[in-house]
Amino acid sequence: MATFRCVQLLVLAVTAAAESTQILQELSNTLLLNQLAISNLLAERDSGVRDCRCSGGEEESKRRMALSCERPFVFLHGHCILVESQKTGNWNEMKTFCNHKGTEMVKVDSENFMYYLVKYLHGNGLAVVDYWVGGSDQDNEGTFFWPDGTRVKMGTPFWGDGPDDHIQEPDGGAGQNCIGMWKDDHYFLFDYNCNDRIGVICEKV
Ligand SMILES: [Ca+2]
Ligand SMILES: [Ca+2]
């Protein structure tokens, strides 16, 4: 009888231990899932997805783009970009460079994106040359358009000013029809002569 009681107690102990193990396992799984969720949120915050104040469809589109944006491209504040600092060329040559990679020259029409873009250049050893971006007024002097046909926003905070005259760009008239980001003026936008030879920033669209 004593032996049977011992067996009963042993079974109860084993059962309790098994239940404890299961509870611990469930707690561990919950912890792992929470950690994963937090790391995903942090990654989204850093990439700018969570900062996208856009409709549900647009946010889903940005999310898909973030997932498909693979090296050498980087996902930066809702844009999948490629910075080319080694190869330089005139505006048309560098437009072709981007097009051959299935991309367009970058559109910089959000101050937040511009902030993260310039920060990225400085933080990754890329603040070494000027860069072409997608805007130009080649087709209609004085009216600049991005590759997607939208108007380039003028004035502050996008456009820089000349170091000598302090007149805000664009200032080149018919002699300067292509937009670049000028290193020496903190990468603000400038209208350049389209034949200047500088780097380029491309963007998947
Ligand atoms: Ca012009
Ligand atoms: Ca200019």
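In this convention, every chain numbers its residues from 1, walking through the sequence in written order. Chains and ligands are labelled by the order in which they are written, letters from A for the one and numbers from 1 for the other. The predicted nature of this model means local features are confined to residues of pLDDT at least 70 and side-chain atom pairs, given and counted, to a pLDDT of 80 or more, with totals for whole chains, interfaces and linings taken over all residues.

Draft legend 1. Here's a closer look at the overall build of the chain. The secondary structure listing takes helices from DSSP runs of H or I that are at least 4 residues long and strands from runs of E that are at least 2 residues long, numbered from the N terminus. Counting secondary structure elements, the chain contains four helices and seven strands. In sequence order, the secondary structure elements of the chain are arranged as α-α-β-β-α-β-α-β-β-β-β. Every one of the 205 residues in the chain was classed for burial, and the buried ones make up 27%. A separation of at least 24 residues holds for 64% of the contacts in the chain among residues at least 6 apart in sequence. Here exposure depends only on C-beta density: within 10 Å of a residue's C-beta, 20 or more other C-beta atoms make it buried, 12 or fewer make it exposed, and intermediate numbers make it partly exposed, the C-beta atoms being placed from the backbone. Any residue pair is listed as a contact if its two C-beta atoms, each placed from the backbone, are within 7 Å.

Draft legend 2. Just helix 3 (residues 91-100), in detail. Within the span of helix 3, buried status applies to Trp-91, Met-94, Lys-95, Phe-97 and Cys-98. Angular distribution of buried residues about the axis of helix 3 spans 155°; they occupy a single face of the element. Taken from the residues just after helix 3, Gly-102 is the one with a positive phi, measuring 75°. Working note: the arc is built from the helix axis to C-beta atom directions.

Draft legend 3. View of the pairing of strand 7 (residues 198-204). Counting buried positions along strand 7 gives six out of seven residues, so the element sits mostly inside the fold. Paired strands are those between which DSSP finds at least two bridges. Alignment of strand 2 (residues 79-89) against strand 7, held across six bridges, turns out to be antiparallel. Paired with Gly-89 across the bridge in strand 7 is Ile-198. Bridging between strand 3 (residues 104-105) and strand 7 involves two bridges; their strand directions are antiparallel. The partner of Met-105 across the bridge, within strand 7, is Cys-202. Direction of pairing for strand 4 (residues 131-136) relative to strand 7: parallel, over a ladder of two bridges.

Draft legend 4. Layout of the environment of Pro-170. Looking at where Pro-170 falls in the secondary structure, it is placed in the loop between strand 4 and strand 5 (178-182). Residue Pro-170 is classed as buried on the basis of its C-beta count, with 21 C-beta atoms lying within 10 Å. Sequence separation of Pro-170 and Trp-159 is eleven residues, and the distance between their C-alpha atoms is 7.4 Å. Excluding its chain neighbours within four sequence positions, the residues that come into contact with Pro-170 are Trp-159, Gln-176 and Asp-191.

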